[in-house]
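Architecture at a glance
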Amino acid sequence: MGSLLSACRINVEKKKVEEERHLRANDREYNLSFMYANNAIKTSKYNVFTFLPLNLFEQFQRLANAYFVFLLILQLIPQISSLSWFTTVVPLLLVLSITLAKDLSDDITRHKNDKHVNNRKVEVLINGDEKWMNVQVGDIVKLENNEFVTADLLLLSSSEPLNLIYIETAELDGTLIKYTISILYISGEVRCEPPNNRLDKFTGTLTVRGETFALDNERILLRGCTLRNTEWCFGLVVFGGPDTKLMQNSGKSIFKRTSIDHLMNFLVMFIFGFLAFLCTILSIGNGIWEYKEGNSFITFLPRADGANASLSAFLTFWSYVIILNTVVPISLYVSVEILRLGNSYFIDWDCKMYHVKSNTPAQARTTTLNEELGQIKYIFSDKTGTLTQNIMTFNRCSINGKSYGKSSKKYVKVRKTEKIDFSWNSLADPKFCFHDHKLVEAVKSGSPEVRAFFRLLALCHTVMAEEKTEGELFYQAQSPDEGALVTAARNFGFVFRSRTPETISLVEMGVPTTYELLAVLDFNNVRKRMSVIVRNPEGKLTLYCKGADTIIFERLHPLSSKLMEVTTEHLNEYAGEGLRTLALAYKDLDEDKFEEWKERHHEASTSLEDREAKLDAIYEEIEKDLLLLGASAVEDKLQDGVPQTIEQLAKADIKIWVLTGDKQETAENIGYSCNMLREEMKEIFIVASNTAEEVREELVNARKKMSPESGDEPPIEKSRFLGKKSQVVEDEKVNGEYGLVINGHSLAFALQKDMQLELLRTACMCQAVICCRVTPLQKAQVVELVKKHKKAVTLAIGDGANDVSMIKTAHIGVGISGQEGMQAVLSSDFSFAQFRYLQRLLLVHGRWSYLRMCKFLRYFFYKNFTFTFVHFWYAFFCGFSAQTVYDEWFITLYNLIYAALPVIGLSLFDQDVNDRWSFQYPQLYAPGQLNQYFSKMAFARILLHSCYSSLILFFVPWAAMCDTVRDDGKDIADYQSFALLAQTCLLIVVSVQLGLDTYYWTAVSQFFLWGSLSVYFAVTFTMYSNGMYLIFTSSFPFIGTARNSLNQPNIWLTIFLTTILCILPVVAKRFLFIQLKPTINDKVAPRKVPRRRISTRRSGYAFSHARGYGDLVTSGRFLRIPVKTRSALFPHTDTPVADSTPQTYRTIYEGAQSP
């Protein structure tokens, strides 16, 4: 067996997990011995030989498809089948073919892309030009400017004088330009981490001539990047093809399914059980009939040998499984995919969600979640770059206990006249604005603290400087904060000019100065600070550190305690204005101690195991006993339309939680600015305790204030929401609106297992929740908590890499394409450029998609059940013989042609109100949150409605046809005439029902509906013609039935009567409900105001000395009810938000009477 598998080239041994990678530069023989993957990539799923079998295998894993194959097998058994094979084969082949064509097109595109990428050329040092797919690990390749990076490379040298290169990483994380440090070696041995998907981390060592160098992420160039502004560079291939970090990150993302998907799966399983139940009843009926009446027909229908009533009942069961198969919707899944794809295109094509300034359209990155957008209850939002613009300006600062800069709230008018003139600094940025002359005077007067402050800002960063012409500096910053701070230092006389791996060059008050860069203690989300160690020209060693104030203050020397108190007051003031703050500190170092620390730092940096943990410990040793310099504050303004958007979403009963890493005061101020926290709220609770017990006490006290009658134990309901068993915490009644602000330290306690339900109960009672100082992990934990224990759909929106985990955790992930790259967009389900577009995505596209999907499902099940139940009633009149009531061709074409396109038209174009009314009445969104349009109860009502319709559709034609004759006295009460009448009544009834369900008629909807009816009559007259009978006698037995029956007035009278009886209860019910129990849609449905008759009598005084009221009269404004409007929170200049978001709101009364 092993030899057979070997012959088939199937690897029977489990692949050994790679723990560490070893490679040598330019030594292919050595590197090939490890059998590393080459540089070829393969993203396609199939090839010529595997496409058909593998794709069919995948499709038959769907229960409905497998079921219809089973039906086809049953139809091939003569003793069972009463239907021709084509009634199942034609629909099945059509469904399979549509899916095959779609998958084939997608895979051909993937093959073309793979071929294009694999055949790119690159210059290899030992072999010359090679195709990308032939490049091996250990090869040294040469890249030229604007070329794509071949594989994951260790940079060796570049054309730049300082061995720096510029790379564009837009295909990886969206960052436009980064710089990477090269190392001047073209030989040696590399030991590094195995392949992984961490884009921001690399651990390895390079050994050359016995000397070991640490390798980190700054020296790695990843596949997917592009070389920019660099003539050439050489790199050593470390990972190739599928092992590259880009390909490691292109694995399957989390497959998200909607609540309707899970409900449909449940309903399909129920339908299978229901079908078995119906078939069992009919088979029992057949057994009884055969036992009592069957002997009377033996003369005409002789039984086979050994046949009896029991065997007949058994065979009849399977026969009715075939006949009643239409209750199992084979075309349901294909139709749903078409519907979702169409609604996704509507999002992509929406011009009102297109951002002109950045040339960014909205994008539906997945086509499976559209209707979920209409059911959102909780939104989790990042702040920086999502609610704000993420364009930073240096606004205020505190230096040595003195505050500089003007408050944005007090000096709005002064700003225009008191702008500082920086003409004394030839290297100043002309775009920089500042309004406090005292700070310039302090710099010019030589204040040591002020100069040290700006020196720190000019040295402690990772910014790159470009100087294309003398004096014109352009900064490349990895974050807007750093760019703003370095630009501030530049304007106040401390100009960052250039850097090398070993030095930083400044111009300090016009004097060029070069600092030796000894170490960079980089920033990360855990450290929340960054430090550099430099040696000034006089040889003095200094550590400069900047970071979050809570982190810096913990590491200050006791001498800075008084200054810390004053600076804290300033920080609170800045945060109250919504500014982003950083604390700045420094420390002079002893030469001997630093050398000792440097050795241990080198050991930690070259370690392959737990390098990050060891480095953090080393950093902690030196980053202590710091001396405080002051604090900086930069302004990040709100995006256009954020307050209006949040107000609209709140009116739609959507709760918004902001999860941010900013200070509590900053977060609170932004909460008020963007209209989340409002003065009219009864109370805003602040949870900022330092112990678990205190946090629990504050949460309980807040809950008791909001709902005094709430018990100690949460109201838990065991539920199966979205296909998962869970304990759902029910909503508790609250009088009034409340807000909650909780910091990261308290949140860490609140997320513990024994306290998380208390956090959930308290937070969900509040209209708005702000979590500040939170980590990316805590963001995901908060989303998961709500997702797990609330019967609600969640949405997370963000713009940065720290939001990715939150976006992936939520039911719906939305990415903002902003200043922090494309990581969030690449991980999202939907993306656009501005937060304000979220209201259109939810209140318009989401609501419409949910409404259309629910209408589609209701109508789809109605028409199928009605069609099938007529067979059930007919069984009682045909001796349970499994004879069909319809023509076989009608059975085949009913769901494929006659009733397919009208429902597609309904589900693509229908809308209850237009987009402007959707904005004006955001309360229309509520039914989706409550699953009112489609649920198990709605399905039960559809079942009863179908049962009633089928009774009418069978018994009225039956009664009308019984003992009926034509105008010429000939009998027309035959089976074929009855079949034609029944199927014509059915098609007209379901078409009229669809017309009643349609709110918004389009030309396409009209064409599909009338076109389908026309096709039915055309096909019917064709198939029942003499010609078809003569050509295919056995396939078209209904010769002449159509022309003999449909020319009789009593037949059309029967069709009309049947239609009226089926539709009348529906119309009556809707009329009564609108009058007695109107829905929210009924209350806000736009009504046409009758136009008044215009008088033709001339006025006695046609001219007036003053301007009259002609414009007002002709506009009709004086006839309208005055509408209360809210004043805009800020002027709408140069923004399209007003076009798509009317600032007019009306109250919807919950009483029976419409306002």
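Predicted model only: the values in this text are computed from it and were never measured. Each chain carries its own residue numbering, running from 1 in the written order of its sequence. Since the coordinates come from a predicted model, pLDDT governs what is reported: local features require at least 70, and pairs of side-chain atoms require 80 or more to be given and counted, while whole-chain, interface and lining totals use all residues. Here the side-chain values reflect all heavy atoms present in the structure, with hydrogen atoms and water set aside.

1. Describing the overall build of the protein
Helix and strand definitions here come from DSSP, where helices need a minimum of 4 consecutive H or I residues and strands a minimum of 2 consecutive E residues; each element is numbered from the N-terminal end. Assigned secondary structure in the protein consists of 38 helices and 35 strands. Residue burial is assigned from relative accessible area. The probe radius is 1.4 Å, only protein chains are included, and a residue is buried under 20% of its type maximum, exposed over 50%, and partly exposed in between. Looking at the protein as a whole, 53% of its 1155 residues are labelled buried. Considering only contacts within the protein whose residues lie at least 6 apart along the sequence, 74% involve residues at least 24 apart. Each accessible area is a Shrake-Rupley result for a 1.4 Å probe, and residues are judged covered by the shown protein chains and nothing else. If you sum the accessible surface of the protein, you get close to 55,000 Å²; carbon and sulfur atoms cover 57% of it. Residues count as neighbours in contact if any of their non-hydrogen atoms are within 4.5 Å of one another.

2. Describing the environment of Phe749
By the secondary structure assignment, Phe749 is in helix H20 (residues 744-750). Taking the C-alpha atoms as reference, Phe749 lies 9.8 Å from Leu759; in sequence the two are 10 residues apart. When near neighbours in sequence (up to four residues on either side) are disregarded, Phe749 contacts Asn690, Thr691, Ala692, Val695 and Met755.

3. Things to note about the pattern of salt bridges
The salt bridge criterion pairs a side-chain nitrogen of Lys or Arg with a carboxyl oxygen of Asp or Glu, the two atoms within 4 Å. Considering all chains together, one arrives at 41 salt bridges under this definition. In this structure, the salt-bridge partner of Lys779 is Asp382, at a minimum N-O distance of 3.3 Å. Linking Lys779 in helix H22 (residues 776-789) with Asp382 in the loop between strand E15 (376-381) and strand E16 (388-399), this pair joins segments that are 397 residues apart in sequence. Overall, Asp382 belongs to the buried group, its relative accessible area being 4%. Across the salt bridge formed by Glu758 and Arg703, the nearest N and O atoms sit 2.6 Å from each other. Separated by 55 residues along the polypeptide, Glu758 in helix H21 (residues 756-765) and Arg703 in helix H19 (residues 692-706) bring together distant segments of the chain. Assigned by exposure class, Glu758 and Arg703 land together as buried.

4. Concerning the sheet that holds strand E8 (residues 189-192)
Taken together, four strands build an open sheet; the order of strands is E1-E8-E9-E10 and the sheet is antiparallel. Looking at which strands have only one partner, the edges of the open sheet turn out to be strand E1 (21-24) and strand E10 (211-215). Averaged over all neighbouring strand pairs, the angle between strand axes comes to 20 degrees, with direction disregarded. Paired strands, in this sense, are two strands between which DSSP finds at least two bridges. In this sheet, E8 lies alongside E1 in antiparallel orientation, the contact comprising four bridges. Following the sheet pairing, His22 is matched in E8 by Arg191. Fitting a line to C-alpha atoms yields each axis, with helices limited to the stretch in contact; the angle taken between N-to-C directions then spans 0 to 180 degrees.

5. Concerning the side chain of Asp915
You can see Asp915 is positioned in helix H28 (residues 915-920). Excluding residues within four positions of it along the chain, Asp915 makes contact with Lys352, Arg840, Val844 and Trp848.

6. Brief notes about the packing of H21 against H22
Contact geometry for H21 and H22: axes closest at 11 Å, N-to-C directions at 80 degrees. Accordingly, the angle class assigned to the pair H21 and H22 is roughly perpendicular. Every residue of H22 that contacts H21 at Gln756, Leu757, Leu759 and Leu760 is listed here: Leu785, Val786 and His789. Each residue is assigned to one of three groups, with Ala, Val, Leu, Ile, Met, Phe, Trp, Tyr, Cys and Pro labelled nonpolar, Asp, Glu, Lys and Arg labelled charged, and all others, Gly among them, labelled polar. Here the contact of H21 with H22 is composed, by residue class, of five nonpolar, two polar and no charged. Here roughly perpendicular refers to angles of 65 to 115 degrees, roughly parallel to angles under 35, roughly antiparallel to angles over 145, and oblique to all remaining angles.

7. Let's talk about the environment of Val534
With respect to the helices and strands, the residue Val534 is situated in strand E23 (residues 529-535). Note on Val534: relative accessible area 2%, which makes it buried. Residues Val534 and Leu517, 17 residues apart in the sequence, show an inter-C-alpha distance of 4.7 Å. Those residues in contact with Val534, other than ones at most four positions away along the chain, are Leu459, Tyr515, Glu516, Leu517, Leu518, Lys540, Leu541, Thr542 and Tyr544.

8. Quick word on helix H12 (residues 480-491)
Look at H12: 17 Å from first C-alpha to last across 12 residues, which is about the 16 Å you get at 1.5 Å a residue. Among the residues trailing H12, Gly493 stands out with phi positive, at a value near 105 degrees. In a helix, the anticipated span is given by 1.5 Å times the number of residues less one.

9. Here we look at the sheet that holds strand E2 (residues 121-124)
On the basis of which strands lie adjacent, the open sheet formed by six strands has the order E3-E2-E4-E13-E5-E11 and antiparallel pairing. Edge positions in the sheet fall to strand E3 (128-131) and strand E11 (220-221), since each of these pairs with one other strand and no more. Bridge count between E2 and E3: four bridges; the pairing is antiparallel. The residue bridging Lys121 from the neighbouring strand is Lys131, located in E3.

10. Side note on the environment of Thr316
Inspection of the secondary structure puts Thr316 in helix H8 (residues 309-323). A relative accessible area of 7% places Thr316 in the buried class.

11. Things to note about a negative patch on the surface
A patch consists of residues whose relative accessible area exceeds 30% and which take part in no salt bridge; residues with like charges are grouped when within 9 Å of each other, and nonpolar side chains (Val, Leu, Ile, Met, Phe, Trp, Tyr) when within 5 Å. Charged-residue counts in this description rest on Lys and Arg as positive and Asp and Glu as negative, His and the chain ends being excluded. Taken as the charge location is NZ of Lys, CZ of Arg, CG of Asp or CD of Glu. Negative charge collects at one region of the surface, where Asp590, Asp592, Glu595, Glu596, Glu599 and Glu603 lie side by side. Among the residues examined, Asp590 registers a relative accessible area of 43% and is labelled partly exposed.

12. Thoughts on the packing of aromatic side chains
Only the six-membered ring of Trp is used, alongside the rings of Phe and Tyr, when aromatic pairs are assigned; centres must lie within 6.5 Å, and planes under 30 degrees apart are stacked while those over 60 apart are edge-to-face, with the rest tilted. Counting across every chain of the model gives 61 aromatic pairs. Consider the rings of Phe274 and Phe865, whose centres lie 6.3 Å apart with planes at 80 degrees: the pair is edge-to-face. Here the residue Phe274 occupies a position in helix H7 (residues 259-292), and Phe865 occupies one in helix H25 (residues 837-875), the gap between them amounting to 591 residues. Judged by relative accessible area, which is 15%, Phe274 ranks as buried. Since its relative accessible area comes to 1%, Phe865 is described here as buried. Plain terms: the ring middles of Phe860 and Phe861 are 6.4 Å apart, the flat faces sit at 90 degrees to each other, and that makes the pair edge-to-face. A residue is classified by how much of its surface remains accessible, and Phe860, at 3% relative accessible area, is buried. For Phe861, a relative accessible area of 1% corresponds to the buried category. Aromatic rings pair up to connect Phe270, Phe274, Phe856, Phe860, Phe861, Phe865, Phe869, Phe934 and Phe939 into one cluster.

13. A few points about the UniProt feature "active site" (unreviewed entry) in the protein
UniProt positions are given in the numbering used here, feature names are shortened, and annotations may be inferred rather than shown by experiment. Following the UniProt record, the feature "active site" (unreviewed entry) maps to Asp382 here. The residues touching Asp382, leaving out its near neighbours within four places in the chain, are Leu387, Leu659, Lys779, Ile797, Gly798, Asp799, Asp803 and Met806. A 3.5 Å cut-off defines polar contacts: any pair of N or O atoms within that distance qualifies, except that in protein one atom must be a possible hydrogen donor and the other a possible acceptor, and neighbouring residues in sequence count only when both atoms are side-chain atoms. Among the polar contacts listed, one links the side chain of Asp382 to the side chain of Lys779, at a separation of 3.3 Å.

14. Observations concerning unusual backbone geometry
Backbone geometry at Asn146 places phi at a positive 70 degrees, although glycine is not the residue there. Residue placement: Asn146 occurs in the loop between strand E4 (140-144) and strand E5 (152-158). Even without being glycine, Asp653 reaches a positive phi, approximately 60 degrees. Mapped onto the secondary structure, Asp653 falls in the loop between helix H17 (642-651) and strand E27 (655-659). Note on Asp653: relative accessible area 35%, which makes it partly exposed.

15. Some thoughts on the pairing of strand E13 (residues 232-239)
Of all the eight residues making up E13, seven are buried; the element is thus mostly covered by neighbouring parts of the structure. Taken together, the six bridges between E5 and E13 define a ladder with antiparallel strand orientation. When the sheet's bridge partners are listed, Leu155 is paired in E13 with Gly235.

16. Focus: the nonpolar core
Residue types Ala, Val, Leu, Ile, Met, Phe, Trp, Tyr and Cys, when buried and joined through side-chain atoms within 4.5 Å, form a set referred to as a nonpolar core. Among the nonpolar cores identified, the biggest contains 98 residues, and Tyr320, Phe856, Leu857, Phe861, Phe865 and Tyr886 are the most heavily contacted of them. Contact partners of Leu857, with chain neighbours within four places excluded, come to Ile260, Met264, Leu332 and Phe934. By size, the runner-up hydrophobic cluster in this structure holds 49 residues, among which are Leu427, Met530, Val532 and Val534.

17. Quick word on the packing of H25 against helix H27 (residues 901-909)
Look at H25 against H27: their axes get within 8 Å of each other, and the N-to-C directions meet at 160 degrees. By the criterion of interaxial angle, the relationship of H25 to H27 is roughly antiparallel. As for how H25 packs across H27, the hand of that crossing is right-handed. Judged by residue contacts, Arg852, Lys855, Phe856 and Tyr859 of H25 engage Val903, Leu906, Ser907, Leu908 and Phe909 from H27. Residues of the contact of H25 with H27, tallied by class, amount to six nonpolar, one polar and two charged. Crossing handedness is defined as follows: a turn of the near helix away from the far one that is anticlockwise and smaller than a right angle gives a left-handed crossing, while the clockwise case is right-handed.

18. Structural notes on H17
Counting buried positions over the 10 residues of H17 gives eight, a clear majority of the element. Looking one or two residues past H17, Asp653 carries a phi angle of roughly 60 degrees, positive in sign.

19. Considerations on the pairing of E2
Here E2 shows one buried face, formed by Val122 and Val124, and one open face, formed by Lys121 and Glu123. Taking the residues between adjacent antiparallel strands as the criterion, E2 and E3 are bridged by three residues. Here E2 pairs with E4 via two bridges, running antiparallel. In the strand pairing of E4, Glu123 is matched with Lys142.

20. Observations concerning the side chain of Asp103
Turning to its location among the elements, Asp103 is positioned in helix H5 (residues 86-118). Non-local contacts of Asp103, meaning those with residues more than four positions away in its chain, are made with Tyr46, Phe51 and Asn55.

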